Amino acid sequence: MISTAAISNVKRALSVLATTCALFTGAAQAQEPIKVGAFLSVTGGAAFLGDPEQKTLELYVERLNAAGGVLGRKLQLVAYDSAGDAEKARTFAKRLIEQDKVDVIVGGSTTGETMAVIPLVEAAQIPFISLAGAVVIIEPVKKWVFKTPHTDRMACEKIFIDMQSRKLAKVALISGAGGFDKSMRGECLKVAAQYKIEVVADETYGAGDTDMTAQLTKIKNTAGVQSVLNSGFGQGPAIVTKNYRQIGISVPFYQSHGVASKEFIKLAGAAAEGVRLPAAALLVADDLPASDPQRPVVVSYKKEYEARFKSEVSTFGGHAYDGLMLAVEAMKKAGGTDKAKVRDALESIRGYMGTAGVVNMSASDHMGLDLSAFRMLEVKGGNWTLVK
């Protein structure tokens, strides 16, 4: 017969073993990396968006890990190049969710890619922070979808406010065929009347067009045109800008925040002189006064990015920085990577100062920026300057 003492010893040993196993399992789980998924347009026509986005994610995952990671765990970036293709974006998002089992997705360089992926992330119930511009991404609100850039509607509003200040009441629109281009054109048409702006011409061009002289000639010959607004991104706006100067249109010319990088100025050359657009303060970081609360954030990011990659910052890389840092902030607030808790934490973020401005998320606003986050810039002497 086994003695009571022996049974007690066995129970004690089993208890110690169970505790040890639990501690070991917990420690092992704590060491598992937090997986940050991304699909970005690193190559192709939207590479000027995706390339700085991926570089930024790589840089700051590395920096966060060097500082101890997040919640005692290292970050692991799992990134794919969707090359601006919506179908590739869907394929990679599916892989990130089902095979890579990422904890959060930060990506979607373009509106088209982002919209293609939204049904997948909503069905999988995984937090997704888009880096694309169109307002349709967050309106109506999708439970699991957030975004970091200012919207196309905000760009229209900021531009129209600037037009009002210059006593410009009649505008001609010209836009490309992409998802962002179409969305911004539509938003400008919707809000123009609110700012007492009359749209007197409305021209479009195709994705592969290399000369927009015909459309711009129509605009030039339209009676009453006081300004021109081009909604688009990529090489199209640079071509429009060159053609604009070539045919001698002299009224003020505006672009969207879709070209908010030095690359646009390089592509358009001298023709870019005088062009205005709304953009994040990042492009004029060093020109911000010391009293500007955003200055430390944008100056720090600019310094770190340019030192590492020997190339100038763009607002697009800044969108990726904000997306990653918002995800990290949400995981800290949630105390882990439980997807529902991280989603709720993202929605509750207030007062985050990023490269795009101050972010105040809510159940009805999954971007959290207002018009004060936009700065109006003008190209002068081949560089971006703040419009006073």
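Details of the structure are given in the entry above.
Report follows, based on the coordinates.

What counts, and at which threshold
- Residues numbered from 1 in each chain as written.
- Predicted model: local features only at pLDDT ≥ 70, side-chain atom pairs only at ≥ 80, totals over all residues.
- Heavy atoms only, no water.
- Helix = DSSP H or I, 4+ residues; strand = E, 2+ residues; numbered from the N terminus.
- Buried < 20%, exposed > 50% of the residue type's maximum accessible area, 1.4 Å probe, protein only.
- Contact = heavy atoms within 4.5 Å.
- Areas by Shrake-Rupley, 256 points an atom, 1.4 Å probe, with all protein chains shown as cover.
- Lys, Arg positive; Asp, Glu negative; His and termini not counted.
- Charge placed at Lys NZ, Arg CZ, Asp CG, Glu CD.
- Phe/Tyr/Trp six-rings, centres within 6.5 Å; stacked < 30°, edge-to-face > 60°.
- Lys NZ or Arg CZ within 6 Å of the ring centre and 35° of its normal.
- Pairing = 2+ DSSP bridges.
- Right-handed = clockwise from strand over helix to strand, strands pointing away.
- Expected span 1.5 Å × (residues − 1).
- Disulfide = S-S within 2.5 Å.
- Core = buried A, V, L, I, M, F, W, Y, C linked by side-chain atoms within 4.5 Å.
- Axes fitted to C-alpha atoms, helices over the stretch in contact; angles between N-to-C directions.
- Salt bridge = Lys/Arg side-chain N within 4 Å of Asp/Glu carboxyl O.

Topic: the overall build of the protein
Broken down by element type, the protein carries twelve helices and 14 strands. For the C-alpha atoms alone, the extent of the protein along its principal axes is close to 110 × 40 × 35 Å. Per-residue burial for the protein yields a buried fraction of 53% across its 388 residues. Pairs at least 24 residues apart make up 68% of the contacts formed inside the protein by residues separated by at least 6 positions. In the form shown here, the protein has an accessible surface area of approximately 16,400 Å², with 54% of it arising from carbon and sulfur atoms. Distance from the positive charge centre (45 side chains) to the negative charge centre (40 side chains) of the protein: 3 Å.

Thoughts on the packing of aromatic side chains
Here the structure, examined in full by the defined rule, presents twelve aromatic pairs. A network of ring pairs unites the aromatic residues Y60, Y301, Y305, F309 and Y321 as a single cluster. Above the face of the Y80 ring, R95 is positioned so that its terminal group lies 5.0 Å from the ring centre.

A word on the pairing of strand β3 (residues 104-107)
The two faces of β3 match: V104 and V106 on one face and I105 and G107 on the other face are all buried. Pairing analysis gives two bridges linking strand β1 (residues 34-40) to β3, with the strands arranged parallel. Each bridged residue has a counterpart across the sheet, and for G37 the counterpart in β3 is I105. Bridging between β3 and strand β4 (residues 128-130) involves three bridges; their strand directions are parallel. By the bridge assignment for β4, G107 is matched with S130. A crossover connection joins β3 to the parallel β4 through helix α4 (residues 111-124); in handedness this β-α-β unit is right-handed.

Description of the pairing of strand β10 (residues 276-279)
Within a regular strand, the side chains alternate between the two sheet faces. Burial along β10 is two-sided: R276 and P278 facing one way and L277 and A279 facing the other are all buried. By the bridge criterion, four bridges tie β10 to strand β13 (residues 375-380) in an arrangement that is antiparallel. Paired with P278 across the strands is M376, a residue of β13.

Digging into helix α11 (residues 315-334)
Taking 1.5 Å per residue, 20 residues should reach 28 Å; α11 reaches 28 Å between its end C-alpha atoms and fits that length. The element α11 is largely enclosed, with a buried count of 16 among its 20 residues.

Remarks on the environment of I105
Among the structural elements, I105 can be located in strand β3. Residue I105 is classed as buried on the basis of its relative accessible area, which comes to 0%. Separated by 69 residues in sequence, I105 and V36 place their C-alpha atoms 5.8 Å apart. Look past the residues within four positions of I105 in its chain and what remains in contact with it is G37, F39, L96, I97, V121, I126, P127, F128 and I129.

Notes on the state of the cysteines
Taken as a whole and judged by the stated rule, the model has one disulfide. Here C156 engages in a disulfide with C188; their sulfurs sit 2.1 Å apart. Because the torsion about its S-S bond is -90°, the bridge between C156 and C188 counts as left-handed. Residue C156 is located in helix α5 (residues 152-165), and its partner C188 is located in helix α6 (residues 179-191); the two are separated by 32 residues in the primary sequence. Side by side, C156 and C188 carry an identical accessibility label, which is buried.

Topic: the nonpolar core
By size, the foremost hydrophobic cluster in this structure holds 119 residues, and its most contacted members are F160 and L229. No other element matches the nine residues that α11 contributes to this core. Apart from residues no more than four positions distant in its own chain, F160 is found in contact with V171, C188, V191, A192, Y195, I197 and L229.

So, the side chain of E378
Structurally, E378 can be placed in strand β13. By relative accessible area, which is 13% here, E378 ends up buried.

Some words on the sheet that holds β3
Pairing in this open sheet of five strands is parallel, and the strands run β2-β1-β3-β4-β5 from one edge to the other. Each of the sheet's edge strands pairs with one partner strand only, and the pair in question is β2 (75-81) and β5 (145-147). Geometrically, the sheet is characterised by an average inter-axis angle of 20° between neighbouring strands, direction not taken into account. In this fold α11 packs onto β1, β2, β3 and β4, with an angle of close to 165° to the strand it touches most, β3.

Digging into the pattern of salt bridges
Summed over all chains, the structure comprises 17 salt bridges. The shortest N-O distance in the salt bridge between E378 and R276 comes to 2.7 Å. With E378 in strand β13 and R276 in strand β10, the pair connects residues that are 102 residues apart, well separated along the chain. The exposure class assigned to R276 is buried, which follows from its relative accessible area of 12%. Ionic contacts of the salt-bridge type, sharing partners, join the residues E139, R153, E187 and K190 into one network.

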